[in-house]
Amino acid sequence: MPASGAVTRNTLRQQIADALRDEVLAGRMRPGEEFTVKQIAEQYGVSATPVREALVDLCAQGLLDSDQHRGFRVRVFTVEDYKGIVEARALVVDGIFRRAALPGNFEAQGPALVSVRRRGEEAARAARGGDLNILVGYDLRFWRELCALAGNTYISDFLHRLRMQSWVFAVPHLRGHSDLSDWLWTGHDEVVSALALGDFEAARVLIGAYNEESLVWAERLPR
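For the structure given in this document, a descriptive report is provided here. (Residues numbered from 1 in each chain as written. Predicted model: local features only at pLDDT ≥ 70, side-chain atom pairs only at ≥ 80, totals over all residues. Heavy atoms only, no water.)

Examined bridge by bridge, strand E2 (residues 64-67) and strand E3 (residues 71-74) share four bridges and lie antiparallel to one another. Within E3, the position partnered with Asp67 by the bridge is Gly71. Counted along the chain from E2 to the antiparallel partner E3, the turn is three residues long. (Pairing = 2+ DSSP bridges. Helix = DSSP H or I, 4+ residues; strand = E, 2+ residues; numbered from the N terminus.)

Put into structure tokens, the structure is as follows:
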């Protein structure tokens, strides 16, 4: 068994990483914002070691960049970066749905799908209400749980990383819109309904339209 000190440090590392990730995804830590290990350690009242480890974890997830001399900063994604992310996540989801369509690879009923549906309903409700703070969390959980139903955690983890990166890019831009109802996708529950019926093609069409809308939105942003 590991020593209690190691357990405490690893717990702190995870808690700090989760807290900073939430700040980045909510847009409260903006793209390009710089900070040091010392600043974060003082902010949370902890030692430097778990902070440094948490920041390295977030760098590995593509949310932060590190500079040996200046510390860390929130990653800046360009419009072209975002378009590449959308293309990548589209390919991943398409592959997941194709795999799920094979016999025995997807459980169309059961508690897991009920949970995904609930996540989708909450995400869609937040999107219709323009509540980014609630939407981002539910959207990430929705996609992670949905893709986990196909049985490959490596793929679902990769998609989760792509979706986090797309939100890091999108949230600061979306907060500049007075009315978000025209820009936020609300089709989560429609996708679940299609999958519950075993209609994987309908689900792929819905996701394809969503990704196209994302690209149209990105093209309208200033470079």
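Turning to the nonpolar core, a few remarks are in order. Proteins that are soluble and globular tend to have nonpolar side chains buried together. In this structure, Phe97, Trp143, Leu146 and Trp167 are the most contacted members of the largest nonpolar core, which totals 68 residues. Every residue in contact with Leu146, bar those within four places of it in the chain, is listed here: Phe97, Val116, Val191 and Leu195. (Core = buried A, V, L, I, M, F, W, Y, C linked by side-chain atoms within 4.5 Å. Buried < 20%, exposed > 50% of the residue type's maximum accessible area, 1.4 Å probe, protein only. Contact = heavy atoms within 4.5 Å.)

The terminal C-alpha atoms of helix H5 (residues 111-129), which comprises 19 residues, lie 27 Å apart, in line with the 27 Å expected from a rise of 1.5 Å per residue. Taken together, the buried positions of H5 are Leu113, Val116, Gly120, Ala123, Ala124, Ala126 and Ala127. Looking down the long axis of H5, one finds its buried residues gathered within 160° of arc, a one-sided arrangement. Pointing more than 90 degrees away from the buried face of H5 are the exposed residues Pro111, Arg118 and Gly129. (Expected span 1.5 Å × (residues − 1). Arc of directions from axis to C-beta.)

So, about the sheet that holds strand E1 (residues 34-35). If you walk across this open sheet you meet the three strands as E1-E3-E2, and the pairing is antiparallel. Of all the strands in the sheet, the pair left with one neighbour each is E1 and E2.

Quick look at the pairing of E3 now. Two elements, E1 and E3, share two bridges in a ladder whose sense is antiparallel. Each bridged residue has a counterpart across the sheet, and for Glu34 the counterpart in E3 is Arg73.

In this section: helix H2 (residues 37-44). Since the α-helix packs 3.6 residues into each turn, any two residues three or four apart lie on the same face. Residues of H2 that are buried: Val37, Ile40 and Ala41. On an axial view of H2, the arc spanned by its buried residues comes to 100°, and they lie on one face. In H2, those exposed residues whose orientation departs by more than 90 degrees from the buried face are Lys38, Glu42 and Gln43. Residue Gly45 follows H2 closely and has a positive phi angle near 65°.

With their axes 10 Å apart at the nearest point, helix H6 (residues 132-148) and helix H7 (residues 153-174) run at an angle of 160° to one another. Taken together, the axes of H6 and H7 are roughly antiparallel relative to one another. Note on packing geometry: the crossing formed by H6 with H7 is right-handed. Across from Leu132, Leu135, Val136, Asp139, Leu140, Trp143, Arg144, Cys147 and Ala148 in H6, the residues of H7 making contact are Ser156, Asp157, Leu159, His160, Arg163, Met164, Trp167, Val171 and Leu174. (Axes fitted to C-alpha atoms, helices over the stretch in contact; angles between N-to-C directions. Parallel < 35°, antiparallel > 145°, perpendicular 65-115°, else oblique. Left-handed = near helix turned anticlockwise from the far one by under 90°.)

Here we take up the packing of aromatic side chains. The relative placement of two aromatic rings is captured by the distance of their centres and the angle of their planes. A complete count under the given rule lists six aromatic pairs for this structure. Taking 5.6 Å as the distance between ring centres and 80° as the angle between the ring planes, the aromatic pair formed by Tyr82 and Trp217 counts as edge-to-face. Residue Tyr82 is found in helix H4 (residues 79-100), and its partner Trp217 is found in helix H9 (residues 200-219); the two are separated by 135 residues along the sequence. The pair Tyr82 / Trp217 is uniform in exposure class, with both members buried. Centre to centre, the rings of Trp143 and Trp185 are 6.1 Å apart; their planes meet at 25°, and the pair counts as stacked. Highlighted residues: Trp143 in helix H6 and Trp185 in the loop between H7 and helix H8 (188-196), separated in sequence by 42 residues. Comparing Trp143 with Trp185, the two get one shared label, buried. Every member of this aromatic cluster is reached through a ring pair, and the members are Phe142, Trp143, Trp185 and Tyr210. (Phe/Tyr/Trp six-rings, centres within 6.5 Å; stacked < 30°, edge-to-face > 60°.)

Applying the stated rule across the entire model yields 17 salt bridges. When salt bridges that share partners are traced, they join Asp94, Arg98, Glu201 and Arg204 into one network. (Salt bridge = Lys/Arg side-chain N within 4 Å of Asp/Glu carboxyl O.)

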